[in-house]
Amino acid sequence: DDDMFSGVFCENSEKLINVHLFALAAKCYSLSNLGVCTPLEDVLEALKGNSQEATGIKPDEFMNNKKSHEVQVMSELVDSIANYCGVKQVIDIGSGKGYLSSFLSMQYNLKVYGIDSSNSNTSGAHERNRKLKKHWRAYQSRGRANLKSQSSEKANDRPVESEIKCKTISEELFNNTNSLQIQDQVIMQDLVPSCEFTEMTTSENRTETEADLVAQTQSHESKLSEEVLAVLNVLPADAVEVFSSSYCNTGELCEEEKVQRKMTSLKTKARKSSELNLYFPLTSCITAETELSDIITDLEDCMMVGLHTCGDLAANTLRIFTVKPEIKAVCSVGCCYHLLSEQFENQEERCDKVWGFPMCQYLKDKGWCCGRNARMSACLALERVAVGQMLPTESLFYRAVLQVIIEEIYGVTKSDRHVGKTFSKSSSFIDYVRRSLKKLELDDSKLPDSCIMDYYEKYKHRMNELEAFNMLKVVLAPCIEVLILLDRLCYLKEQENIAWSGLVKLFDPVKSPRCYAVLALKKQAC
């Protein structure tokens with residue numbers, strides 16, 4: 001009930017008079033309490049049906065905890081959507097260093113085009129992809145060498161009965177080894193001398209010997225797994241070439257085995273040729289008017305994804321999705337709301353430009369505007385503050401006093417330049433101010449140290465006020481984010497070619513504050 005929150009502000013002065021009610025109202029209008037989100041579990045269940053869930057892998061060997069969490073959760077969803085829509089091509093907009101793209105291609109065998117506007121990011125993605133493959137080959141070679149050495153030593157130490165020249169290995173003993181079968185092949189070649197195969201004297205001896213071999217094989221697998229786990233965790237389940245390990249007693253392959261090996265070889269070659277370029281990092285600036293076919297020459301039915309697409313890029317991703325018939329689905333997680341362009345923010349700049357906000361017709365008709373300060377607040381992380389990760393009060397105080405200085409001393413009220421992360425590089429407030437003035441290309445020679453410190457002392461006692469003000473901004477942040485996300489969802493609801501669209505909470509907001517994804521599926525052509 002809106003009347004419940006009527007006492008938050010004074011009717012005459014419009015000042016905040018009830019902080020508790022303000023916080024309660026903000027909580028009620030946050031996305032988690034509005035009831036408009038679709039649970040991730042429900043989405044996955046609807047997409048997968050009764051299909052068996054693929055074995056998950058952990059990419060944390062090559063990513064930090066935050067990125068690992070994001071990539072693992074989102075890639076499972078993307079793969080489920082791709083399977084549901086029957087597509088194998090994925091376009092990753094704003095792909096950055098290619099964490100999501102490379103994971104999707106390696107783990108799920110999806111053909112991914114990662115598009116980023118930064119040449120350095122694209123180059124970094126190429127290099128990272130190359131290193132992943134290089135690491136895999138190195139680990140595989142080292143694993144083989146170590147395994148071979150250990151197998152030879154143990155084979156020499158093991159007592160061998162005089163009547164036994166070699167051992168018959170049953171394929172059934174290795175059915176559960178899957179991706180490690182190539183290492184089993186190395187074991188087998190070391191254990192079996194190059195001689196004619198002979199039958200064992202008794203079934204009892206055969207059973208006992210095979211049991212010993214299985215135990216040793218499992219031990220080898222365990223040691224090898226520890227060594228190559230880091231790489232196996234970021235590769236598809238069939239990344240290791242599979243060889244059959246069954247031999248006929250006569251020492252020659254039976255016809256069935258020959259056919260099976262031939263088919264395996266052909267499949268392996270076909271898979272390798274198709275997997276050589278499963279991930280393609282590209283450099284291009286994406287706008288709402290971008291023709292994807294100009295960038296991707298073999299564009300086919302696909303889906304579009306974006307993990308923390310910055311500013312207008314998230315809005316443009318949705319616009320491209322709605323107008324391109326090849327794109328069957330979209331999964332977009334936006335960020336950097338402060339960089340959104342707003343149609344009604346600066347009336348003098350109004351033109352036919354495609355704006356980042358608002359997108360839906362409802363807010364356009366109302367001429368809705370958030371403003372930069374509100375959009376900046378939407379980027380704050382309430383959940384992190386709630387668990388004790390406090391705001392950087394001192395750096396915020398430095399920045400606030402700096403703004404007073406440049407307005408009063410230099411007469412500058414607006415600038416296209418940014419101070420950036422100057423605070424972490426500064427040894428004192430004086431150092432911070434001088435570094436910042438240089439970045440803003442302002443002459444710091446007219447400002448003596450004593451003057452800088454006078455400003456610091458003048459406002460130091462108000463630091464607690466600044467902290468309280470910023471805490472109120474943090475509390476309000478989810479409400480502003482709701483407005484931006486619901487605008488995007490409403491835009492999709494307005495499109496006639498969309499079968500389903502929704503908001504889904506993907507990530508733990510403490511690990512990844514921008515945790516909501518906008519999802520949509522196109523209607524299937526009749």
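Anyway, here's the lowdown on the structure attached to this text. (Residues numbered from 1 in each chain as written. Predicted model: local features only at pLDDT ≥ 70, side-chain atom pairs only at ≥ 80, totals over all residues. Heavy atoms only, no water.)

So, on to the overall build of the protein chain. Looking only at helices and strands, the protein chain features 18 helices and seven strands. Per-residue burial for the protein chain yields a buried fraction of 43% across its 526 residues. Residue pairs at least 24 apart in sequence account for 74% of intrachain contacts in the protein chain once pairs closer than 6 positions are excluded. When the accessible surface of the protein chain is split by element, carbon and sulfur atoms take 50% of a total near 28,400 Å². (Helix = DSSP H or I, 4+ residues; strand = E, 2+ residues; numbered from the N terminus. Buried < 20%, exposed > 50% of the residue type's maximum accessible area, 1.4 Å probe, protein only. Contact = heavy atoms within 4.5 Å. Areas by Shrake-Rupley, 256 points an atom, 1.4 Å probe, with all protein chains shown as cover.)

Attention now goes to helix α11 (residues 312-323). End to end, α11 covers 17 Å across twelve residues, agreeing with the expected 16 Å (1.5 Å per residue, within 8%). α11 sits mainly inside the fold: eleven of its twelve residues count as buried. Buried within α11 we find Asp312, Leu313, Ala314, Ala315, Asn316, Thr317, Leu318, Arg319, Ile320, Phe321 and Thr322. (Expected span 1.5 Å × (residues − 1).)

What follows is about the nonpolar core. Ranked by size, the top nonpolar core spans 71 residues in total, and within it Met74, Leu77, Ile81, Met303, Cys331 and Leu506 carry the most contacts. Look past the residues within four positions of Leu77 in its chain and what remains in contact with it is Leu40, Val43, Leu44, Leu47, Cys331, Leu506 and Leu519. If you look at the next biggest cluster of nonpolar residues, it comprises 21 residues, including Tyr410, Val433, Leu437 and Ile452. (Core = buried A, V, L, I, M, F, W, Y, C linked by side-chain atoms within 4.5 Å.)

It is worth spelling out the sheet that holds strand β2 (residues 111-116) at this point. Taken in spatial order, the seven strands of this open sheet run β3-β2-β1-β4-β5-β7-β6, and their pairing is mixed. Bordering the open sheet on either side are β3 (279-283) and β6 (498-505), each of which pairs with just one other strand. Each adjacent strand pair in this sheet contributes to an overall mean axis angle of 15°, direction not counted. Bridge count between strand β5 (residues 327-335) and strand β7 (residues 516-522): four bridges; the pairing is antiparallel. Following the sheet pairing, Val330 is matched in β7 by Ala520. Set on the sheet, helix α5 (residues 99-108) makes contact with β1 (89-93), β2, β3 and β4 (302-310); between it and β2 the angle comes to about 175°. Across the sheet, α11 is in contact with β1, β4, β5, β6 and β7; its angle to β5 comes to roughly 170°. (Pairing = 2+ DSSP bridges. Axes fitted to C-alpha atoms, helices over the stretch in contact; angles between N-to-C directions.)

Further remarks concern the environment of Ser450. Assignment of secondary structure puts Ser450 in helix α17 (residues 449-459). For Ser450, a relative accessible area of 48% corresponds to the partly exposed category. Separated by 20 residues in the primary sequence, Ser450 and Ile430 have C-alpha atoms spaced 9.1 Å apart.

We describe a pair of aromatic rings using the distance from one ring centre to the other and the angle between the two ring planes. Taken as a whole and assessed by the stated rule, the structure comprises ten aromatic pairs. Aromatic pair Phe9 and Phe22: ring centres 6.3 Å apart, planes at 85°, arrangement edge-to-face. Of the two residues, Phe9 sits in the segment before α1 (19-28) while Phe22 sits in helix α1, which places them 13 residues apart along the sequence. A ring pair is formed by Tyr398 and Tyr432, whose centres lie 5.3 Å apart and whose planes are at 55°; its orientation type is tilted. (Phe/Tyr/Trp six-rings, centres within 6.5 Å; stacked < 30°, edge-to-face > 60°.)

Buried residues dominate β4, accounting for eight of its nine residues. As paired elements, β1 and β4 share four bridges and run parallel to each other. What sits directly across from Val90, in β4, is Met303. Bridging between β4 and β5 involves eight bridges; their strand directions are parallel. By the bridge assignment for β5, Leu307 is matched with Val333. Between β4 and its parallel partner β5, the chain crosses via α11, and the hand of that crossover is right-handed. (Right-handed = clockwise from strand over helix to strand, strands pointing away.)

Pairs can form between side chains of opposite charge whenever their charged atoms are close. This structure, assessed with the given rule, holds 14 salt bridges. Of the charged contacts in the structure, one is a salt bridge between Glu342 and Arg375, with a shortest N-O distance of 2.4 Å. Here Glu342, found in the loop between β5 and α12 (361-365), pairs with Arg375, found in helix α13 (residues 372-378); they are 33 residues apart in sequence, far enough to count as distant. Summarising the burial analysis for this pair, Glu342 and Arg375 share the class buried. A salt bridge links Arg434 to Asp449; the nearest nitrogen and oxygen atoms lie 2.6 Å apart. Of this pair, Arg434 sits in helix α16 (residues 429-439) while Asp449 sits in helix α17; the two residues are 15 residues apart in sequence, bridging distant segments of the chain. Residue classification places Asp449 among the partly exposed residues on the basis of a relative accessible area of 39%. Here the salt bridges share partners, and the residues they tie into one network are Lys66, Lys67 and Glu70. (Salt bridge = Lys/Arg side-chain N within 4 Å of Asp/Glu carboxyl O.)

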